[in-house]
Amino acid sequence: MSDTSNTSGGGKGGQQPNIVIAPECQDIFVDGVIGAMVRDGVVRINLVNTRFNIDGSQVEHAVVSRMIMSRSGVRNLHAALEQLMGRLTRSADGRREDDQAGNDED
C-alpha cells in the first residue's frame with residue numbers, strides 16, 4: 001500500500017472522507033497477533049513475527065510492533081476485518097477480491 005494517490009469518497013453530507021496515504025506511511029509485515037489487553041479504555045495488541053532464536057534451536061515469536069487503539073477504533077478495525085473476511089471467503093482463490101480492496105500484494 002505504498003501508492004500515495006489512493007483516495008476514495010469525498011466531502012460532506014454523510015459521504016466517506018477522502019483517504020490519502022501519507023508519504024511517510026510505512027508498511028509492516030506481521031505473521032500474527034499474540035497478546036492483547038484493555039486497560040483504562042485503551043486496547044493494546046502485540047503484532048508478532050515468527051523466527052528462529054539466535055542459535056537456531058527454537059522458533060520464537062518476536063513482537064515487531066504494537067497497535068494501541070481506543071475501544072471505538074478496535075470496533076472499526078473489527079468491522080473492516082469482517083468485510084475483508086467476507087470478500088476472502090467469497091473469492092475462488094482467496095486473492096482476487098482483496099486486490100479490489102486497494103491492497104498491493106505484489
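Residues numbered from 1 in each chain as written. Predicted model: local features only at pLDDT ≥ 70, side-chain atom pairs only at ≥ 80, totals over all residues. Heavy atoms only, no water.

### Some remarks on the environment of valine 64
Thinking step 1. Within the secondary structure, valine 64 is located in strand E3 (residues 59-70).
Thinking step 2. Owing to a relative accessible area of 43%, valine 64 belongs among the partly exposed residues under this scheme.
Thinking step 3. Considering only alpha carbons, one finds valine 64 and valine 48, 16 residues apart in sequence, at a separation of 5.4 Å.
Thinking step 4. Non-local contacts of valine 64, meaning those with residues more than four positions away in its chain, are made with Phe29, Val30, Leu47, Val48 and Asn49. (Helix = DSSP H or I, 4+ residues; strand = E, 2+ residues; numbered from the N terminus. Buried < 20%, exposed > 50% of the residue type's maximum accessible area, 1.4 Å probe, protein only. Contact = heavy atoms within 4.5 Å.)

### Re the confidence of the model for the chain
In regions of low pLDDT, the predicted coordinates are not meant to be interpreted in detail.
Thinking step 1. Residues of the chain with pLDDT of at least 70 account for 73%, and the chain-wide mean is 80.
Thinking step 2. Looking across the chain, the model is least confident in helix H2 (residues 96-100), with a mean pLDDT of 49, and most confident in strand E2 (residues 42-52), with 95.
Thinking step 3. A low-confidence stretch, residues 1-11 (pLDDT under 50), is modelled with 29 contacts involving residues beyond four sequence positions or located in other chains. (pLDDT = per-residue confidence, 0-100.)

### Some remarks on the sheet that holds strand E1 (residues 32-39)
Thinking step 1. Taken in spatial order, the three strands make up an open sheet running E1-E2-E3, and their pairing is antiparallel. Each edge of the sheet is formed by a strand with only one pairing partner; in this case those strands are E1 and E3. Across the sheet, the axes of successive neighbouring strands diverge by a mean angle of 20 degrees, strand direction being ignored.
Thinking step 2. Bridge count for E1 against E2 is six bridges, and the pairing is antiparallel. Pairing of valine 38 across the sheet is with valine 43, part of E2.
Thinking step 3. Against the sheet, helix H1 (residues 71-90) engages E1, E2 and E3, with an angle of about 115 degrees to E3. (Pairing = 2+ DSSP bridges. Axes fitted to C-alpha atoms, helices over the stretch in contact; angles between N-to-C directions.)

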